[in-house]
Amino acid sequence: MKKIGILTGGGDCPGLNAVIRAVVKKSRRYNWDVIGIKNGWKGLINGEMELLSDYSVSGILPKGGTIIGTSRTNPFNNEGDVQKVIDNIKKFGIAALVVVGGDDTLGVAKNLYEKGIPTVGIPKTIDNDLSGTDYTFGFDTAVSIATEAIDRLHTTAESHHRVIVVEVMGRHAGWIATMAGIAGGADEILIPEVPFDIEEVCKNLRKRYSRGKKFSIVAVAEGAQPKEETSEKHNNEGDGANNTNEGQLVTQTDETDAFGHVRLGGIGHYLTKELEKRMDVETRVTILGHVQRGGTPTAHDRILATRFGVAAVELIKNENFGKMVALQGNKIVPIELEEAVSKSKTVDMDLYDIAKIFFG
Ligand code: F6P
């Protein structure tokens, strides 16, 4: 009998419980025990874990969040913590680790693998920014939620003849904005990959007005930035957002997390003020925030997460460590963890070109 560990790290997303269930169920087929490590890497530093039985994973498939908790903890910030992780893996008799995470969590898995710990990775994040996989699970649910929000904002924007700016998550990639913007029929989509010219945005929206369309929806990714030359330094006083020294990114605080990320958010306020000033039209902002990460996963995410979980156990069975399961086309394939975390996957410009056809 083998004992394997599973942890979920970084921001939560819909589908984590579907993965946990799949890993436990598939492992039971081999008569292996699965230890749920609490709260990401923190649980491995502190030795907080629990045995996951069939009973513990019963009924969790449609449930959002993660039953074992998560955190943004980086053991590599402290040499002592790395040693504690290695000692606890030995102490609890964990033969291999299934690490479910985005680039930060999987980056730690890669480093541990290089130190001799048998790890396999599973890609999760609503941001869809991991390389080597067509999609991460959690993304489809976030896009569905953002699309529904855009649908709803259409009717109120139209009734009041307003511009409504909807700010979505995604960190430094504009996947959620692009996909939800296309699906919801946004009149302008602003993403980090393409710095925007505020006058261009106004020009597009004015075109709609000249055609008799007296309302507009602008989808903006939290990491979108105005072109340097077109923006004034922005002060978000009163709306909880700050500019940082990082170019023109709008952030909520100047603090960074354990992986050096700033907390993005607030570009929607900036845009709203600029559009109202330049276009003389009533404008409102909706910041979707963590609504995009909560609640039940779509069928697509449940299935993808389940396939990833089963495939990860197969990798362990074959002692194929240092790999991440990835979706390529319709196949689940193993890729090097190194490849997945080496660079972030940004929006495909062919897709953005399709979105642009509908601007203005
Ligand atoms: O990476 C997922 C994500 O939701 C990003 O889109 C967002 O910038 C960030 O996490 C928010 O993090 P937190 O939950 O720590 O506020």
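Residues numbered from 1 in each chain as written. Predicted model: local features only at pLDDT ≥ 70, side-chain atom pairs only at ≥ 80, totals over all residues. Heavy atoms only, no water.

Colleague: Would you explain the sheet that holds strand β5 (residues 119–123) in this entry?
Modeller: As summarised here, the arrangement of the seven strands in space is β3-β2-β1-β4-β5-β13-β14, forming an open sheet in which the pairing is mixed. Lying at the two open borders of the sheet, with one neighbouring strand each, are β3 (49–51) and β14 (331–336). If you compare each strand with its neighbour and ignore which way they point, the axes differ by 30° on average. Note that strand β1 (residues 3–8) and strand β4 (residues 96–101) share five bridges and pair parallel. (Pairing = 2+ DSSP bridges. Helix = DSSP H or I, 4+ residues; strand = E, 2+ residues; numbered from the N terminus. Axes fitted to C-alpha atoms, helices over the stretch in contact; angles between N-to-C directions.)

Colleague: Just to check I follow, could you spell out helix α7 (residues 198–210) for this structure?
Modeller: Owing to its 3.6 residues per turn, the α-helix brings residues three or four apart onto one side. Relative to the 18 Å expected for 13 residues at 1.5 Å per residue, α7 spans 18 Å between its end C-alpha atoms, a close match to the ideal helical length. Restricting attention to buried positions, one finds in α7 the residues Ile 198, Val 201, Cys 202, Asn 204, Leu 205, Arg 208 and Tyr 209. The arc that holds the buried residues of α7, viewed along the axis, is 160°, so those residues lie on one side. The opening residue of α7 is Asp 197, an N-cap whose side-chain oxygen sits 2.9 Å from the backbone nitrogen of Glu 199. Looking one or two places after α7, you find Gly 212, whose phi comes out positive at around 95°. (Expected span 1.5 Å × (residues − 1). Buried < 20%, exposed > 50% of the residue type's maximum accessible area, 1.4 Å probe, protein only. Arc of directions from axis to C-beta. Polar contact = N/O pair within 3.5 Å; in protein donor to acceptor, adjacent residues only side chain to side chain.)

Colleague: When you look at unusual backbone geometry in this model, what are you seeing that I'm missing?
Modeller: Glycine aside, residues mostly have negative phi, and peptide bonds are mostly found in the trans state. Phi is positive for Asn 128, close to 55°, though the residue is something other than glycine. Its location among the elements puts Asn 128 in the loop between β5 and α5 (139–160). The residue Arg 171 is not glycine, and still its phi comes out positive at about 55°. Residue position: Arg 171 is located in the loop between β6 (163–168) and α6 (175–184).

Colleague: I would appreciate a short explanation of the domain arrangement of the chain in the present structure.
Modeller: Note on interface size: it is often stated as the accessible area lost on association of the parts. According to the domain assignment, the chain consists of domain 1 (3–137 + 297–341) and domain 2 (140–293). If you average the C-alpha positions of domain 1 and of domain 2, the two centres end up 33 Å apart. Domain 1 puts 19 residues into the contact, and the matching count from domain 2 is 17 residues. Buried surface at the junction of domain 1 and domain 2, summed over both partners, amounts to about 1600 Å²; 54% is from carbon and sulfur atoms. Across the domain 1-domain 2 interface, the total number found is one salt bridge. The residue Asp 12 makes a salt bridge to Arg 293 at a minimum N-O spacing of 2.9 Å. For the pair domain 1 and domain 2, the number of links is eight residue pairs in polar contact (both at pLDDT 80 or more). Elements with a minimum of two residues in the side of domain 1 that touches domain 2: α4 (103–114) and α9 (299–317). Each residue belonging to the side of domain 1 that touches domain 2 can be placed in one class, and the counts come to six nonpolar, seven polar and six charged. (Domains from an automatic or database assignment. Contact = heavy atoms within 4.5 Å. Buried area = accessible area lost by both parts, 1.4 Å probe. Salt bridge = Lys/Arg side-chain N within 4 Å of Asp/Glu carboxyl O. Nonpolar A, V, L, I, M, F, W, Y, C, P; charged D, E, K, R; others polar.)

Colleague: What am I meant to see in the site of the ligand here?
Modeller: Near the ligand, the surroundings consist of Arg 72, Ile 126, Asp 127, Met 169, Gly 170, Arg 171, Glu 222, His 290 and Arg 293. At 3.0 Å, a side-chain N or O of His 290 approaches an oxygen atom of the ligand. Taken by itself the ligand offers 400 Å² of open surface, and the protein chains cover 83% of this. Both domains that meet at the shell around the ligand, namely domain 1 (3–137 + 297–341) and domain 2 (140–293), each give it at least three residues. (Near = heavy atom within 4 Å. Areas by Shrake-Rupley, 256 points an atom, 1.4 Å probe, with all protein chains shown as cover.)

Colleague: Sorry, what's going on with a nonpolar patch on the surface here?
Modeller: Taken together, the side chains of Ile 182, Ile 354, Ile 357 and Phe 358 define a hydrophobic patch exposed on the protein surface, amounting to about 410 Å² of accessible area. Within the element layout of this structure, Ile 182 appears in helix α6. (Patch = residues over 30% accessible without salt bridge, like charges linked within 9 Å, V, L, I, M, F, W, Y side chains within 5 Å.)

Colleague: How should the packing of aromatic side chains be read in this particular structure?
Modeller: Overall, the coordinates contain three aromatic pairs when judged by the stated rule. For the pair Tyr 30 and Trp 32, a centre-to-centre distance of 5.2 Å together with 40° between the ring planes defines the contact as tilted. Classification of Tyr 30 as partly exposed rests on a relative accessible area of 24%. Trp 32 gets classed as buried once you look at its relative accessible area, which sits at 6%. For the pair Tyr 352 and Phe 359, a centre-to-centre distance of 6.0 Å together with 75° between the ring planes defines the contact as edge-to-face. (Phe/Tyr/Trp six-rings, centres within 6.5 Å; stacked < 30°, edge-to-face > 60°.)

Colleague: What is the right way to look at the environment of Glu 48 in this model?
Modeller: Within the secondary structure, Glu 48 sits in the loop between α2 (41–46) and β3. A C-alpha to C-alpha distance of 6.2 Å links Glu 48 and Ile 37, two positions eleven residues apart in sequence. When sequence neighbours within four positions are dropped, the list of residues in contact with Glu 48 reads Gly 36, Ile 37, Lys 38, Asn 39 and Gly 43.

Colleague: Would you take a moment to explain the packing of α7 against helix α8 (residues 267–279) for this structure?
Modeller: The axes of two packed helices give the description: the angle between them and the distance between them. Interaxial distance between α7 and α8 falls to 10 Å at its minimum, and their mutual angle equals 60°. Viewed along their axes, α7 and α8 adopt a mutual orientation that is oblique. Where α7 crosses over α8, the two elements pack in a sense that is right-handed. In this structure, α7 contributes Ile 198, Glu 199, Val 201, Cys 202, Leu 205, Arg 206 and Tyr 209 to the contact, and α8 contributes Leu 271, Glu 274, Leu 275, Arg 278 and Met 279. (Parallel < 35°, antiparallel > 145°, perpendicular 65-115°, else oblique. Left-handed = near helix turned anticlockwise from the far one by under 90°.)

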